[in-house]
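Examination of the molecular architecture
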Amino acid sequence: MPMTILLSFFFFTGLVVFYTWSRVKNQKNDSKDGFFLGGRSLTGGLIASSLILTNLSATSFVGMSALSFKGNMSVMGYEVASGITLIIIALFLVPRYLKQGITTIPDFLESRYDLSVKQFVTVLFLLSYIINLLPNTLYAGAMVIGGIFDIESMLGISRFQAILLIASIIGFLGLFYAIYGGLKAVVIADTLNGVGLIVGGLMIPIFGLIVLGDGSFMEGVDVITTNATDKLQAVGAEDDPNVPFSTMFTGLLLVNLYYWGTDQAIIQRALGAKNLREGQKGVILAGAIKVVTPLFLIIPGIIAYHMFGTVDATGQSYEADTMYTRLVNEVLPKPLVGFFLAAMFGAILSTFNGVLNSSTTLFTLNVYKPIFDKENKLSDEQLVNKGRSFGLFIAILSVGIAPFIMFAPNGLFDLLQRLAGLFSVPIFTIVFMGYITKRVPAMAAKVSLAVFVAAYGIVQFTPASMHDYLGPLKPLAELHFFHQLAVLFVLCCGIMFAIGKVRPRDTDYVLPVNEAMDIKPWEFRFEASAVILYMVLGAYITFSDLGLVAGDTSFMVTYALCGIVILGGLFARVRKKKAQSAQLNAQNAQ
């Protein structure tokens, strides 16, 4: 391997580690808020970058490019639809979370329902992190790093040993960020890695199109927009193997609402905001970034399809999951491969340490403290140390599990996505009902969780050959799993409403208020949200029969020109509001 790749990789990675250490070395992080929520001091930029870095991983780059290589752009729904979801989260959920001053989502469930609901959901979170997310993140990261560096050949070791080695390195650095520095260290590292990842990620399609166009970027663009244009179709049909367009309004929307709005590893960044203004700003900015991520997550798969074809010289079909790393090695100059790999390493590390920090938060505050510190005798420093010990334990456990994922049967990624449905939408259902109702009791939440998990588990994991034995559940089993989640969501909401009517709470639920939190909203939240919605619609116009698929760009150009006019109007509105605010502040100062 060229020494330039190694040097550029270690330089950028070392720069991030050193900068993060210099920022947190004098911070003790012994308080609960300091360790778990970054001292509730996070600004919008830190929140946005950390949200994106925790969300993006090696699985995102390799998996989504593989899906577009095999299919089309419909997988874009996962990314672009998140822009709409994050607007909803910023406008409706973040204000409630910060107003209440919660540290974890289960804190709200205890307040709204009871302690047993909180603890049950906490266990679901921890199981999903320890068994699923953490080992899978390490495994996917090790496959990418090992594939580009060719660790097996370089060190003369087996694939199992290579995965274990790389997973151990990621785990060790993850411990440094999440265990030593707490959430503040995580988001500081994420900010630097975020810049590197976006720059590095965008380099792949740029250099890929240049190579595809024999040295001309525009010639490369012409190749993918005039040949096999069906690959650019983002509006998936009902039988689309990736994301049917209709699911964006059913189960995919619910999964996104759970992921961005209630998954502790994600929403913890917004919970650490210094005020509501910064929290909303960060979440909405993350939404804007999600709309453009298909450029470096999905387009590379299309470029690889045109560059390499689908079969090798012997007629054997290419393994889609290897196409992204092959494209990187083929199109990037060697020094930039090291830089990109360092950025990718940062994304992998970010996902790992973000989930690790959230796991320690959930365990310490929702499991350890209620059981072993009922009389509140332990200090914040002692609780933080318990969290660090638990983090060390699950990090070692995850590193040990990661290599064994290579022995799992084919379709592991799809299986993990389906398994996630066992806890994602069920949890979102009771959070959603907790906010929109005042008299639905704790028993309704417990019944809903049990019914949802049992019904989804039955229809999802019963073999197709045995669907006739499912009785009334057979029609549900025939649906796409996103539609299954939507049907069960409506059903379980109805069950909770019914129980609330028959056996309501004794008193109306009143949301507690944290008086210390500044809950003045971001004054430009609606303008920013409008821009994102316009971007989402523009993305689907571009990658559909109204745009590149049909080869007629007239509608796209018209839409873009309208967008420029609208953007000008919004900027004028923002300037006017700023002037009015400055005038009002001047009057108040007199």
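Residues numbered from 1 in each chain as written. Predicted model: local features only at pLDDT ≥ 70, side-chain atom pairs only at ≥ 80, totals over all residues. Heavy atoms only, no water.

**What to know about the nonpolar core**
In terms of nonpolar packing, the biggest core is built from 172 residues, with Met73, Met76, Tyr97, Tyr113 and Ile430 touching the most fellow members. There are two domains that each give this core at least three residues, and those are domain 1 (3-356 + 385-408) and domain 2 (524-589). Leaving out residues up to four positions away in the same chain, Met76 has contacts with Ala81, Ala234, Pro294, Ile298, Ala539, Tyr540 and Phe543. (Core = buried A, V, L, I, M, F, W, Y, C linked by side-chain atoms within 4.5 Å. Buried < 20%, exposed > 50% of the residue type's maximum accessible area, 1.4 Å probe, protein only. Domains from an automatic or database assignment. Contact = heavy atoms within 4.5 Å.)

**Some points on the packing of helix α13 (residues 276-292) against helix α24 (residues 525-542)**
Packed helix pairs are characterised by how far apart their axes lie and by the angle those axes make with each other. Between α13 and α24, the least distance of the axes is 10 Å, while the angle of their chain directions is 15 degrees. When the axes of α13 and α24 are compared, the pair comes out roughly parallel. The handedness of the crossing between α13 and α24 comes out as left-handed. Facing α13, whose interface residues are Gln280, Ile284, Gly287, Ala288, Val291 and Val292, α24 presents Arg525, Ala528, Ser529, Ile532, Met535 and Val536. By residue class, the composition of the contact of α13 with α24 is 8 nonpolar, 3 polar and 1 charged. (Axes fitted to C-alpha atoms, helices over the stretch in contact; angles between N-to-C directions. Helix = DSSP H or I, 4+ residues; strand = E, 2+ residues; numbered from the N terminus. Parallel < 35°, antiparallel > 145°, perpendicular 65-115°, else oblique. Left-handed = near helix turned anticlockwise from the far one by under 90°. Nonpolar A, V, L, I, M, F, W, Y, C, P; charged D, E, K, R; others polar.)

**With respect to the domain arrangement of the protein chain**
Domain parsing of the protein chain yields domain 1 (3-356 + 385-408) and domain 2 (524-589). Listed per partner, the contact involves 23 residues of domain 1 and 15 residues of domain 2. On the surface where domain 1 and domain 2 come into contact, there are 0 salt bridges. Secondary-structure elements contributing two or more residues to the side of domain 1 that touches domain 2 are α5 (76-100) and α13. Of the residues forming the side of domain 1 that touches domain 2, the biggest block, 7 residues, is contributed by α5. Its residues assigned to classes, the side of domain 1 that touches domain 2 shows 16 nonpolar, 7 polar and no charged. (Salt bridge = Lys/Arg side-chain N within 4 Å of Asp/Glu carboxyl O.)

**With respect to the confidence of the model for the protein chain**
Summary statistics for the protein chain give a mean pLDDT of 83 and a share of 90% for residues scoring 70 or more. Put simply, helix α2 (residues 32-36) is where the protein chain has its lowest mean pLDDT, 46, and helix α23 (residues 481-502) is where it has its highest, 95. Throughout residues 29-39 the model reports pLDDT below 50, and contacts reaching past four residues in sequence, or to other chains, amount to 47 contacts. (pLDDT = per-residue confidence, 0-100.)

**Considering a nonpolar patch on the surface**
A contiguous nonpolar surface patch, about 490 Å² in accessible area, is contributed by Leu202, Ile206, Phe217, Met218, Val292 and Leu295. Contributions of two or more residues to the nonpolar patch are made by α9 (159-212) and α10 (217-226). Secondary-structure assignment places Phe217 in helix α10. Residue Phe217 is classed as partly exposed on the basis of its relative accessible area of 34%. (Patch = residues over 30% accessible without salt bridge, like charges linked within 9 Å, V, L, I, M, F, W, Y side chains within 5 Å. Areas by Shrake-Rupley, 256 points an atom, 1.4 Å probe, with all protein chains shown as cover.)

**Comments concerning unusual backbone geometry**
Phi is positive for Asp214, close to 55 degrees, though the residue is something other than glycine. Secondary-structure assignment places Asp214 in the loop between α9 and α10. The backbone phi angle of Ala228 is positive, close to 50 degrees, even though this residue is not glycine. Tracing the backbone shows Ala228 in the loop between α10 and α11 (251-261). For Ala228, a relative accessible area of 30% gives the class partly exposed.

**What about the packing of aromatic side chains?**
All chains considered together, the criterion is met by 25 aromatic pairs. Where Phe160 meets Phe404, the ring centres are 5.2 Å apart and the plane angle is 80 degrees; that geometry is what we call edge-to-face. In this pair, Phe160 is assigned in helix α9 and Phe404 in the loop between α18 (380-401) and α19 (412-420), connecting sequence segments 244 residues apart. Site record: aromatic cluster; members linked through ring pairs are Phe363, Tyr368, Phe372, Phe390 and Phe393. In this structure, Lys231 is placed above the aromatic ring of Tyr305, and the distance from its NZ or CZ to the ring centre is 4.3 Å. Here the guanidinium or amino end of Arg326 rests over the ring plane of Phe308, the centre of that ring lying 3.9 Å away. (Phe/Tyr/Trp six-rings, centres within 6.5 Å; stacked < 30°, edge-to-face > 60°. Lys NZ or Arg CZ within 6 Å of the ring centre and 35° of its normal.)

**Regarding the packing of helix α4 (residues 58-70) against helix α7 (residues 115-149)**
Two elements in contact, α4 and α7, have axes separated by 8 Å at closest approach and are oriented at 65 degrees. If you check the angle between α4 and α7, you find them roughly perpendicular. As for how α4 packs across α7, the hand of that crossing is left-handed. When α4 is examined against α7, the residues Ala58, Thr59 and Val62 are found in contact with a partner set consisting of Asn136, Ala140, Gly141 and Val144. Among the residues forming the contact of α4 with α7, the class breakdown is 4 nonpolar, 3 polar and no charged.

**As for the environment of Ile499**
Following the sequence through the fold, Ile499 ends up in helix α23. The spacing of Ile499 and Val447 is 52 residues in sequence and 9.2 Å in space, taken between C-alpha atoms. Not counting chain neighbours up to four residues away, the residues in contact with Ile499 comprise Pro441, Met443, Ala444, Val447 and Pro504.

**Here we look at α18**
The end-to-end C-alpha separation of α18 is 31 Å, in line with the 32 Å expected for 22 residues at 1.5 Å each. By the burial criterion, the buried members of α18 are Leu383, Val384, Gly387, Arg388, Phe390, Gly391, Ile394, Ala395, Ser398 and Val399. (Expected span 1.5 Å × (residues − 1).)

**As for the environment of Ser581**
Within the secondary structure layout, Ser581 lies in helix α25 (residues 554-589). Separated by 58 residues in sequence, Ser581 and Glu523 have C-alpha atoms that sit 9.8 Å apart.

**Some words on the side chain of Asp263**
Inspection of the secondary structure puts Asp263 in the loop between α11 and α12 (264-271). When neighbours within four sequence positions are excluded, Asp263 is seen to be in contact with Phe125, Tyr129 and Tyr258.

**With respect to the state of the cysteines**
Counted under the stated rule, the structure contains 0 disulfides. Residue Cys492 stays outside any disulfide, its sulfur separated by 7.5 Å from that of Cys493, the closest cysteine. Overall, Cys492 belongs to the buried group, its relative accessible area being 0%. The exposure class assigned to Cys493 is buried, which follows from its relative accessible area of 7%. (Disulfide = S-S within 2.5 Å.)

**What about the pattern of salt bridges?**
For the structure shown, the criterion picks out 13 salt bridges. A salt bridge links Asp107 to Lys118, with the shortest nitrogen-to-oxygen separation between them at 3.3 Å. Here the residue Asp107 occupies a position in helix α6 (residues 105-112), and Lys118 occupies one in helix α7, the gap between them amounting to 11 residues. In this pair, the class of Asp107 matches that of Lys118, namely buried. The salt bridge involving Asp508 is made with Arg439; its shortest N-O contact spans 3.3 Å. One end of the pair, Asp508, is in the loop between α23 and α24; the other, Arg439, is in the loop between α20 (424-436) and α21 (442-461), with 69 residues separating them in the sequence. Judged by its relative accessible area of 41%, Asp508 falls in the partly exposed class.

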